[in-house]
Each structure stands twice: as structure tokens, then as C-alpha cells.
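Observations on the three-dimensional arrangement
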Amino acid sequence: MIQSRSHRYGAPRLRPSLTRVVLLIFGLTIGILSLAIYLASNALIDRVVRDQATKEARILSELVFAGLYGSMRAGWSPSEIGAVVARARSGVEGAEIDLVRSEHVAALFGDTAQARRLRQTSPEIARVLSSGKEEVWEDSETVHLVYPFVAAAECLGCHTNVAAGQVNGVVQMALPLAPLKRPLSAAFSGVIQVVAVVTLLLLSVQFLINRRFLVRPLMQLTSRILHVQRTGTLAHRKPAVDEPLMFLELQLLAQSFDALLEKLSLAQDQLREQSERDDLTGLLNRRAFNHCIALELTRAKRYARSLVLFVLDLDDFKIINDSYGHAAGDAVLCRCAELLEENLRENDSIARIGGDELVILAPEMDQKGAVAFKGKLRQLLEQTEILHEGSSLRVSASVGMALFPWDGETPQRLLRRADASMYEEKRQKKLEPGAGTP
Ligand SMILES: Nc1nc2c(ncn2[C@@H]2O[C@H](COP(=O)(O)OP(=O)(O)OP(=O)(O)O)[C@@H](O)[C@H]2O)c(=O)[nH]1
């Protein structure tokens with residue numbers, strides 16, 4: 001038993017279409033690409049901005065130190081120190097800058113409440129005051145730097161209670177990252193937008209190419225296959241795909257499909273031919289005859305025309321088989337078929353429906369013509385000498401006939417009637433050799 005194999009592939013509705021998959025891939029590609037560019041650029045901006053902020057903080061601290069040192073050498077005043085710090089603050093947006101004296105400098109020149117608080121609460125300031133090494137640290141929004149002011153030999157003239165190399169104080173700086181980040185982020189977001197638009201354009205072009213040159217031909221091929229499957233018609237079909245084929249693989253697929261259908265069509269034609277023909281005589285077989293009589297009857301009914309069915313059965317055919325062999329019997333059957341076929345009109349049909357039983361369908365033949373034709377058929381067979389391997393064989397046939405619409409209106413009735421009249425003739429012949437109704 002032949003089983004359908006389509007179940008192997010599952011229900012088609014459970015599978016996504018190629019278009020959807022391609023769209024999904026494109027969507028994911030754009031999403032992932034944008035996210036990757038966004039994350040990478042953010043990390044890059046963050047790193048660059050932090051490095052830049054650290055450098056700026058260090059330069060600013062050195063500038064503050066240089067400013068203070070200069071004003072001290074020129075005979076400083078507290079208001080000038082404040083001005084130096086204020087100038088440094090105004091140079092960088094959002095910067096916080098504090099000066100913190102060491103305890104011995106504070107003891108000598110005084111202190112501010114803010115500086116005291118920082119000295120006491122900030123561990124970083126305490127460490128730098130004692131180590132003399134700058135400290136830098138970062139949090140999410142800010143870069144912090146504590147820069148030491150180390151006493152030089154020339155400072156000792158005023159800073160009488162410290163030694164050279166000791167830390168006189170620190171400048172603490174907190175530089176916000178946001179002002180540095182802003183222009184870079186704007187530049188990068190412009191780049192990301194351009195990349196996203198270009199990517200979208202490229203993917204759209206690719207999508208359209210796929211749709212036009214891959215999906216459409218595939219869908220057309222599928223619809224042709226479905227058409228063949230639905231109608232079972234292999235002949236007179238269109239080519240597998242009308243679409244222009246851009247891809248080699250699709251072209252091969254379409255060509256293979258066409259070649260396969262070509263072969264199947266030929267095989268189908270041969271099978272149909274074989275299934276409708278009698279192997280020995282090449283006449284229509286019983287199956288084809290059933291189809292043929294049904295068709296002719298429908299036509300005769302529709303156009304109100306007559307139709308005659310003749311049934312011929314060879315007389316004592318068994319004797320030929322028994323006397324001359326089966327091959328001789330076959331030769332007789334073939335010759336009779338040939339002879340009858342040659343004498344039919346174009347619209348008539350002839351079939352072999354049994355061992356030595358032949359039928360003829362003659363559309364549009366009236367009663368008078370039928371009687372005459374019946375006599376002609378009988379005569380034709382009786383007058384023909386069939387030569388087989390040096391023997392001369394002669395045959396006769398009993399012929400029965402039935403006329404539509406007078407003898408019946410269905411194939412069964414007509415066949416029964418024609419059979420009955422053929423057997424009646426055969427019976428008469430047996431009772432009285434040489435007899436036979438014209
Ligand atoms: N050679 C040959 N013989 C066949 C074929 N088919 C059937 N037969 C023989 O044809 C004969 C038909 O015999 P019947 O129709 O029964 O009898 P008959 O000898 O013709 O006698 P009546 O019909 O009574 O005149 C049988 O001997 C079958 O074996 C065939 O394809 N080739």
C-alpha cells in the first residue's frame with residue numbers, strides 16, 4: 001500500500017514562512033547591531049572621558065599650585081588664594097575645587113571650617129597629606145583627585161615650621177564627567193544613527209531581492225506543484241517558474257522540476273495507453289470501452305442522435321486454438337481486429353472485451369444502415385483468408401446488435417440486448433449450419 005509521505009514534514013501552518021524568518025533575522029540584526037554599537041560606543045566614551053577628566057584634573061591642580069605659588073612669592077593675601085581657586089573652578093563646568101592646608105600650615109596661617117572638616121573626614125586627603133603622593137579615584141559620575149603641595153626650600157622662609165619635602169597642603173578636585181561626555185555622545189549618536197539608517201537600507205534592499213528573486217519564484221513553483229497535485233494533469237502545463245531566476249540553485253530546481261514532470265508525463269501517457277489498450281490486438285480494452293460507451297451515449301442523448309452497438313463473437317474459435325495452436329489463435333484475433341478497424345468510420349470505436357469477443361460502437365447510424373453494416377462485418381470476416389505458418393485459416397463470427405434509443409438507453413441494457421441477439425444467431429447457426437440472419 002502506498003502511503004503519503006507528506007506527514008514527514010509536519011503541518012505547513014506550523015512552520016514560519018521564509019519572508020517572516022528573513023524579516024525576523026533582519027529585525028534581530030538591526031536590533032543587535034544597534035545595541036552592540038551603543039554599548040561599545042558608551043564603554044569607549046566612558047573610558048576616553050575618564051582618562052581625559054583625570055588629565056584635566058591633574059593639569060588644573062598644577063595650575064592652581066602654580067597660581068598659588070606665584071601669588072605667595074609676590075606676597076599673597078587670602079583673597080588672592082580664593083581668586084585663584086575661583087578662576088580654576090570657572091574654567092571647568094561643574095568642577096569642585098577645595099584647598100586644604102596641612103595642620104602645621106593651618107597653625108601658622110589660619111584655617112577654614114570647610115578645610116578642617118575635610119582634613120578630618122576625608123581618608124584620601126589624610127593619606128595624601130601624610131604620603132605626599134596624589135590619589136585619583138572615580139565613581140559613576142565624577143573623577144576625584146587629591147594633589148599634594150610639597151614644600152620646596154624657598155617656601156621655608158615663610159613656612160617656618162615645616163621642612164623641605166613636607167606636604168603643606170592639598171588641592172582636592174572633583175570633575176564631573178557629564179560635560180565631557182555630552183559632545184562625544186552627541187557625535188557618537190550621530191554615527192550610530194547613520195550606521196542604523198545605512199544598515200536598514202542595505203537590509204531592506206537585501207529583503208526586497210530575496211522576496212523578488214527567491215520567495216516569489218519558490219511560491220510560484222509551489223503553486224505549480226499544487227496545481228499538478230490537485231488536477232493530476234502533467235501534460236500541457238506551464239513551465240515551473242515564469243519569474244526571472246537570479247539564483248543558480250533556483251534555476252536548477254526549476255529545470256529539474258520541469259524535467260521530472262516531462263518524464264512523469266511521458267510515463268503517465270504510456271500507462272494510460274497501456275491501461276486502455278488490449279495487449280494482443282492493440283484495440284481498446286473493456287475498461288476503455290465502458291468509458292467510451294458512456295461518453296457516446298451522453299453525446300447521443302444530448303444531440304438526440306442514434307447509436308448502434310455491435311457485438312461479434314468468433315465461431316468455434318476454440319477449434320483454431322486446438323488445431324493450430326495458441327499462436328495461430330492470436331494471429332487470427334489480430335488479423336480480425338485489423339480488418340474490422342480498417343473498415344470503420346472515423347467516429348466508430350472498436351474494443352476487445354473478451355477472449356474472442358469484440359464490440360463496435362457506431363454513432364449516428366440508423367436501423368437500415370445498422371443491418372447493412374452487420375452483414376458487411378460478417379462478410380468481411382468470412383471472406384478473409386488468414387495465413388499462419390503455411391496454414392490457411394478461415395473464420396466466421398456471430399454478430400448481435402442493439403440500437404439506441406429503441407433497444408435501451410444505458411450501456412448495460414444495450415450490451416445485454418446485443419449479446420442476446422449475437423447468442424441467438426450463434427444458436428441458429430449451431431442448429432442449422434450455414435444459417436445467419438442478415
Ligand atoms: N489464442 C487465443 N485464444 C484465446 C484468447 N482468449 C481466449 N481464447 C480462447 O478462445 C476460446 C473461446 O472459446 P468460446 O468463445 O468459449 O467458444 P468458441 O470455441 O468460440 O465457440 P462459440 O463461441 O460457441 O462459437 C477459448 O478456447 C479460449 O481459450 C487469446 O487471447 N488468444
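Residues numbered from 1 in each chain as written. Predicted model: local features only at pLDDT ≥ 70, side-chain atom pairs only at ≥ 80, totals over all residues. Heavy atoms only, no water.

Let me state the cut-off plainly: UniProt positions are given in the numbering used here, feature names are shortened, and annotations may be inferred rather than shown by experiment.
The name that an unreviewed UniProt entry assigns to the protein chain is diguanylate cyclase, with the source organism given as Thiorhodococcus minor. Turning to the protein chain, the UniProt annotation filed under Cofactor (unreviewed entry) states: "Mg(2+)". Of the protein chain, the UniProt comment under Catalytic activity (unreviewed entry) reads exactly: "2 GTP = 3',3'-c-di-GMP + 2 diphosphate".

1. As for the overall build of the protein chain
For clarity, the threshold we go by: Segments assigned H or I by DSSP are reported as helices when at least four residues long, segments assigned E as strands when at least two residues long, and all are numbered from the N terminus. In this analysis, two residues are considered to be in contact whenever any of their non-hydrogen atoms come within 4.5 Å of each other. Computed with the Shrake-Rupley method and a 1.4 Å probe, the accessible areas treat only the protein chains shown as cover for residues.
Tallying secondary structure elements over the protein chain gives twelve helices and ten strands in all. Across the protein chain, every contact between residues at least 6 apart in sequence was considered, and the portion connecting residues at least 24 apart equals 65%. Here the protein chain has roughly 26,200 Å² of accessible surface; of this, 58% comes from carbon and sulfur atoms.

2. Thoughts on the sheet that holds strand E5 (residues 307-314)
Two strands in a sheet stick together by hydrogen bonds in their backbones, pointing the same way (parallel) or opposite ways (antiparallel). For clarity, the cut-off: DSSP calls a pair of strands paired once it identifies at least 2 bridges connecting them. Interaxial angle, 0 to 180 degrees, is taken between N-to-C directions of lines fitted to C-alpha atoms, where a helix line uses only the stretch in contact.
Taken together, four strands build an open sheet; the order of strands is E6-E7-E5-E10 and the sheet is antiparallel. The open sheet terminates on both sides in strands that have one partner only, identified here as strand E6 (349-352) and strand E10 (397-404). Sheet twist, expressed as the mean angle between neighbouring strand axes with direction ignored, is 15 degrees. Pairing of E5 with E10, which is carried by eight bridges, proceeds in the antiparallel orientation. Bridge pairing links Leu309 to Ala402 in E10. The strands touched by helix H10 (residues 326-342) are E5, E6 and strand E7 (357-363); relative to E5, the strand with the most contacts, the crossing angle is about 155 degrees.

3. Notes on the side chain of His388
The test is simple: Relative accessibility decides the category of a residue: with a 1.4 Å probe and only protein chains considered, values under 20% of the type maximum give buried, values over 50% give exposed, and everything between is partly exposed.
With respect to the secondary-structure elements, His388 resides in strand E8 (residues 385-388). With a relative accessible area of 15%, His388 lands in the buried category. Not counting residues up to four positions away in its chain, the partners in contact with His388 are Ala327, Ala328, Ala331 and Leu393.

4. Let's talk about the site of the ligand
As a reminder of what qualifies: Throughout this document, a residue counts as near a molecule or strand when at least one of its heavy atoms sits within 4 Å of that molecule or strand. Any N or O atom pair separated by 3.5 Å or less is treated as a polar contact, with the protein-specific requirement of one donor-capable and one acceptor-capable atom, and with residues adjacent in sequence counted only for side-chain atom pairs. Note on residue classes: Ala, Val, Leu, Ile, Met, Phe, Trp, Tyr, Cys and Pro are nonpolar, Asp, Glu, Lys and Arg are charged, and everything else, Gly too, is polar.
Taken together, 17 residues are adjacent to the ligand, and Lys318, Asn321, Asp330, Arg352 and Lys430 come closest. Asp356 has a polar side-chain atom sitting 2.9 Å from an oxygen atom of the ligand. The fraction of the free accessible surface of the ligand (650 Å²) that becomes covered by protein chains is 67%. Where the shell around the ligand is concerned, the elements lending two or more residues are E5, helix H9 (317-324), H10 and helix H12 (411-431). In terms of residue class, the shell around the ligand is built from four nonpolar, four polar and nine charged.

5. As for the sheet that holds strand E3 (residues 142-150)
Pairing is antiparallel across the open sheet formed by four strands, whose spatial order is E1-E4-E3-E2. The open sheet has two free edges, formed respectively by strand E1 (96-101) and strand E2 (135-138), since each of these has just one partner strand. Taken over all neighbouring pairs, the strand axes of this sheet differ in orientation by 15 degrees on average, direction set aside. Examined bridge by bridge, E1 and strand E4 (residues 167-176) share six bridges and lie antiparallel to one another. The partner of Ile97 across the bridge, within E4, is Met173.

6. Section: the packing of aromatic side chains
Formally: When two rings of Phe, Tyr or Trp (its six-membered ring) have centres within 6.5 Å they constitute a pair, described as stacked for plane angles under 30 degrees, edge-to-face for angles over 60, and tilted for the intermediate range. Think of it as a cone above the ring: NZ of Lys or CZ of Arg counts as a charge over the ring if it is within 6 Å of the ring centre and within 35 degrees of the ring normal.
Tallying each qualifying case throughout the model produces four aromatic pairs. Directly above the aromatic system of Phe213 lies the positively charged group of Arg212, at a separation of 5.4 Å from the ring centroid.

7. Description of a nonpolar patch on the surface
Put simply, the rule reads: Each patch is built from residues that are more than 30% exposed by relative accessible area and take part in no salt bridge. Like charges join if they lie within 9 Å; nonpolar side chains (Val, Leu, Ile, Met, Phe, Trp, Tyr) join within 5 Å. A pairing counts as a salt bridge when a side-chain nitrogen of Lys or Arg comes within 4 Å of a carboxyl oxygen of Asp or Glu.
Residues Leu24, Leu28 and Ile32 make up a contiguous nonpolar surface patch of roughly 320 Å² in combined accessible area. With respect to the helices and strands, the residue Leu24 is situated in helix H1 (residues 18-73).

8. Some thoughts on the UniProt feature "transmembrane region" (unreviewed entry) in the protein chain
Mapped onto this numbering, the UniProt entry annotates "transmembrane region" (unreviewed entry) at residues 21-40 and 186-209. In the segment residues 186-209, helix accounts for 100% and strand for 0%; the C-alpha atoms at its two ends are 35 Å apart.

9. So, the nonpolar core
Selection criterion: What makes a nonpolar core is a set of buried Ala, Val, Leu, Ile, Met, Phe, Trp, Tyr and Cys residues whose side-chain atoms join them at distances within 4.5 Å.
In this structure, Phe310, Leu312, Leu314, Val332, Leu340, Ile360 and Leu381 are the most contacted members of the largest nonpolar core, which totals 32 residues. In terms of residue count, H10 provides more of this core than any other element does, seven residues in total. Those residues within four positions of Val332 in sequence are excluded, and the remaining contacts are Leu314, Phe317, Ile320, Ile386, Leu393 and Val395. Ranked by size, the runner-up nonpolar core spans 20 residues in total, among them Ala288, Leu297, Phe404 and Leu414.

10. Some points on helix H4 (residues 113-121)
Stated formally: The arc refers to the directions leading from the helix axis to the C-beta atoms.
For H4, every residue scored as buried is listed here: Ala115, Leu118 and Arg119. Down the axis, H4 shows its buried residues gathered within 100 degrees of arc, on one side only. In H4, those exposed residues whose orientation departs by more than 90 degrees from the buried face are Ala113, Gln120 and Thr121. On its buried face, H4 sits against E1, helix H3 (103-109), helix H5 (123-131) and E4.

11. Re the pattern of salt bridges
Applying the stated criterion to the full structure yields 26 salt bridges. Its salt-bridge partner being Glu134, residue Arg58 comes within 2.6 Å of it at the nearest N-O pair. Placement of Arg58 in helix H1 and of Glu134 in the loop between H5 and E2 is noted, with a sequence separation of 76 residues between them. Among the ionic pairs, Glu296 bridges to Arg299, the shortest N-O distance being 3.5 Å. Of this pair, Glu296 and Arg299 both sit in helix H8 (residues 286-302), three residues apart, which is roughly one turn of that helix. What makes Arg299 partly exposed here is its relative accessible area of 40%. Several salt bridges share partner residues, and in doing so they unite Asp313, Asp315, Lys374, Arg378, Glu425, Lys426 and Lys429 into one network.

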